[in-house]
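# Geometric and topological summary
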Amino acid sequence: MTFPEFKHLLFETDAEGIALLTINRPDKLNALNNKVLEELDTAISLTEKSDDIRVLIITGAGEKAFVAGADIKELSSLNRESGEKASSAGQQIFNRIEQCSKPVIGVVNGYALGGGAELAMACHIRIATEVAQIGLPEVSLGLIPGYGGTQRLPRLVGKSKAMEMILTGQPVAADEAKTMGLVNDIKPADKALDHAKKLATAMIKNGPLALSHAISAVNASQSKHGFAREASLFGRLCETEDFKEGTSAFLEKRKPAFKGH
Ligand code: COA
C-alpha cells in the first residue's frame, strides 16, 4: 500500500508491521490545527486498511513536546456553532483511535497538554519519557477539554484526580502520571520508542483477530453491555482459523502461524 505525502505528519512502516506516526509541527510544539487533525484521520484510515500494519505508534517531533494542545490560534476564532462542531469532529477522530482494530501505543515525549493529553488518552497504551508533562489546561483559556478529555481522564485516573487536574488546569509530571495510572511506563527519551516497539513486537506475535476483539471487549468495559460484548466476541473467535491454529500449536508444542482469519 502506498501512503500519501502529509504536510504535518511523518508516517513510516517497517517490515515487522509497526507503523510510526509522528506529529511533525515542532515549531508550534506539534499543536493540532485542522490540517493535522485531518491528516491524523487519514492516517487512522490507512492503519485500519493496510494489511502491512499490525501496530501503530504515535509520537511527536522534536525534543520538547508530544502535542501542546489544539492550535490556540484556530481555537480563538470559534463561536458556539463552530466550537461544538470542532469538538465533535475532534472527538470522532480520537474515538477512531480508541476503537482502532490494531493496537495503538502513544509515546509521550514531552508536553502532552489539552488536545495532546486527549490524543495520548485515546491511545490504548502510553509510554512517557522522563520529561513528559501531561495536563488539561483548557480552563486557563476559559474553555473545557473538548476532544474527549472530560470522559477519558476520569476513566483512567478516577473522578477525584480528574476533577483536580481539569479544575486546576495544572499538568502532572511523568512519575505522578505513572502513579495515578495515566501512563503505563516511563523511559528515558532515547529508550521510549524502543520500548514501545518491544511491546508492539510482543503483540504482533499474537493472532490479529484476537487483538482486535480484545481491544473491542476492553473498550466495552465502560458500557453496561461489556460482559455481553466480551462473551459475544469470545464466541466469534472460537470459530476462527486463528483460534484453531493457536490451540493446536500449543498442544503440538510449536509456534502458531496466525493468518488473521
Ligand atoms: N497552539 C498554538 N501554538 C502553540 C501551542 C498551541 N497549543 N502551544 C505552543 N504553541 C506555539 C507557541 O505559540 C510558540 O510559537 P511562536 O514561536 O511562533 O511564538 C511555539 O509553539 C513554542 O511555544 P512556547 O510557548 O514559546 O514554548 P515554551 O517552552 O515557552 O512553553 C508550553 C511551552 C507548552 C508551556 C507553552 O507553549 C504553552 O503553554 N502552550 C499552550 C498549552 C495549552 O494551553 N494547550 C491547550 C490548548 S487547548
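Here the residue index of a chain counts from 1 through its sequence in written order. With pLDDT at 70 or above as the cut-off, local features in this predicted model cover only qualifying residues; side-chain atom pairs require 80 or more to be listed or tallied, and sums for whole chains, interfaces and linings still use all residues. For the side-chain quantities, the full set of heavy atoms in the structure was used; hydrogens and water were omitted.

The six strands are arranged 1-2-3-5-7-10 in an open sheet whose pairing can be described as mixed. Two strands in the sheet have a free side with no partner beyond their single neighbour: strand 1 (9–13) and strand 10 (185–187). Along the sheet, successive strands turn relative to each other by an average axial angle of 20°, direction set aside. Alignment of strand 1 against strand 2 (residues 18–23), held across five bridges, turns out to be antiparallel. When the sheet's bridge partners are listed, Leu9 is paired in strand 2 with Ile23. We call two residues in contact whenever any of their non-hydrogen atoms come within 4.5 Å of each other. The axes used here are C-alpha line fits, helices contributing only the stretch in contact, and every angle between their N-to-C directions lies in the interval 0 to 180 degrees. Counting from the N terminus, the helices are DSSP H or I runs at least four residues long and the strands are E runs at least two residues long. The strands touched by helix 1 (residues 34–49) are strand 1, strand 2 and strand 3 (55–60); relative to strand 1, the strand with the most contacts, the crossing angle is about 15°. A pair of strands counts as paired when DSSP detects no fewer than two bridges linking them.

Okay, helix 5 (residues 149–157) next. Within helix 5, the full set of buried residues consists of Gly149, Arg152, Leu153 and Val157. All buried residues of helix 5 fall inside an arc of 105° around its axis, so they share one side. If you follow the buried residues of helix 5, they end up packed against helix 3 (80–98), helix 4 (115–122) and helix 6 (159–168). Under the scheme applied here, a residue whose accessible area is under 20% of the maximum for its type counts as buried, over 50% as exposed, and between as partly exposed, the area being computed with a 1.4 Å probe on protein chains only. This arc is taken over the directions from the axis of the helix to the C-beta atoms.

Time to look at the sheet that holds strand 8 (residues 133–135). Pairing is mixed in the open sheet, where four strands are placed in the order 4-6-8-9. Unpaired on one side and paired on the other, strand 4 (65–67) and strand 9 (172–173) mark the two borders of the sheet.

Next up on the list: the site of the ligand. Residues are labelled near a given molecule or strand when at least one of their non-hydrogen atoms is within 4 Å of it. In the vicinity of the ligand there are 16 residues, among which Lys28, Lys64, Ala68, Ala70 and Ile72 approach most closely. Residues adjacent in sequence count toward polar contacts only when both atoms are side-chain atoms; beyond that, a polar contact is any pair of N or O atoms within 3.5 Å, and within protein one must be able to donate a hydrogen and the other to accept it. At a separation of 2.5 Å, an oxygen atom of the ligand approaches a polar side-chain atom of Lys28. Separating a nitrogen atom of the ligand from a backbone N or O atom of Ala70 is a distance of 3.0 Å. To be clear on the numbers: accessible area is Shrake-Rupley with a 1.4 Å probe, and residue cover counts the displayed protein chains and nothing else. Compared with its free state, where it exposes 870 Å², the ligand has 60% of that area covered by protein. Residue assignment for the shell around the ligand shows that the elements contributing at least two residues are helix 2 (72–75) and strand 6 (111–113). Residue type decides the class: Asp, Glu, Lys and Arg count as charged, Ala, Val, Leu, Ile, Met, Phe, Trp, Tyr, Cys and Pro as nonpolar, and the leftover types, Gly among them, as polar. Broken down by class, the residue content of the shell around the ligand amounts to 10 nonpolar, one polar and five charged.

Let's shift gears to the pattern of salt bridges. Whenever Lys or Arg places a side-chain nitrogen within 4 Å of a carboxyl oxygen from Asp or Glu, that contact is recorded as a salt bridge. Under the counting rule described, the total for this entry stands at 10 salt bridges. Glu98 is the salt-bridge partner of Arg152, the closest N and O atoms lying 2.9 Å from each other. With Arg152 in helix 5 and Glu98 in helix 3, the pair connects residues that are 54 residues apart, well separated along the chain. Across the salt bridge formed by Lys178 and Asp185, the nearest N and O atoms sit 3.7 Å from each other. Given the relative accessible area of 38%, Lys178 is considered partly exposed.

Annotation comment: domain bounds sourced from an automatic or database domain assignment. Here the protein chain is described as being made up of domain 1 (9–204) and domain 2 (208–251). Taking the mean C-alpha position of each, domain 1 and domain 2 sit 26 Å from one another. Simply put, the buried area is the total loss of 1.4 Å probe accessible area from both parts when two parts are fitted together. Summing both sides of the interface, domain 1 and domain 2 together bury roughly 630 Å²; the carbon and sulfur share of this comes to 64%. Summed over the three residues of domain 1 that lose the most area to domain 2, namely Arg54, Ser101 and Arg155, the buried surface amounts to 51% of that side. Summed over the shared surface of domain 1 and domain 2, the result is zero salt bridges. Counting across the domain 1 and domain 2 interface gives one residue pair in polar contact (both at pLDDT 80 or more).

Bringing unusual backbone geometry into the picture now. Even without being a glycine, Asn30 presents a positive backbone phi close to 60°. With respect to the helices and strands, the residue Asn30 is situated in the loop between strand 2 and helix 1. Positive phi values are uncommon outside glycine, yet Lys253 reaches one of about 55°. On the secondary structure map, Lys253 appears in the segment after helix 11 (241–251).

Let us look at the layout of surface pockets. The distinction between a cavity and a pocket rests on a 1 Å grid over the protein atoms alone: a 1.4 Å probe fits inside a cavity but cannot get out, while a pocket stays open yet meets protein on both sides within 12 Å along at least five of seven lines, and a residue with an atom within 4 Å of a point counts as lining. Grid points are joined across faces, edges and corners, and a volume is the space filled by probe spheres set on the points. By volume, the largest pocket amounts to about 500 Å³. Sorting the residues of the lining of the largest pocket by element identifies helix 2, helix 3 and helix 4 as the ones contributing at least two each. Sorting elements by how many residues they give to the lining of the largest pocket places helix 3 first, with three residues. Broken down by class, the residue content of the lining of the largest pocket amounts to 13 nonpolar, nine polar and two charged. Approximately 370 Å³ is the volume attributed to the second largest pocket. Every residue lining the second largest pocket is counted, 18 residues in all, and those nearest its centre are Glu98, Cys123, His124, Val218 and Asn219. Of all the elements in the fold, those that place two or more residues in the lining of the second largest pocket are helix 4, helix 5 and helix 9 (208–219). In terms of residues, the lining of the second largest pocket owes the most to one element, helix 9, which gives five residues. Shared between two domains, the lining of the second largest pocket holds at least three residues of each, these being domain 1 (9–204) and domain 2 (208–251).

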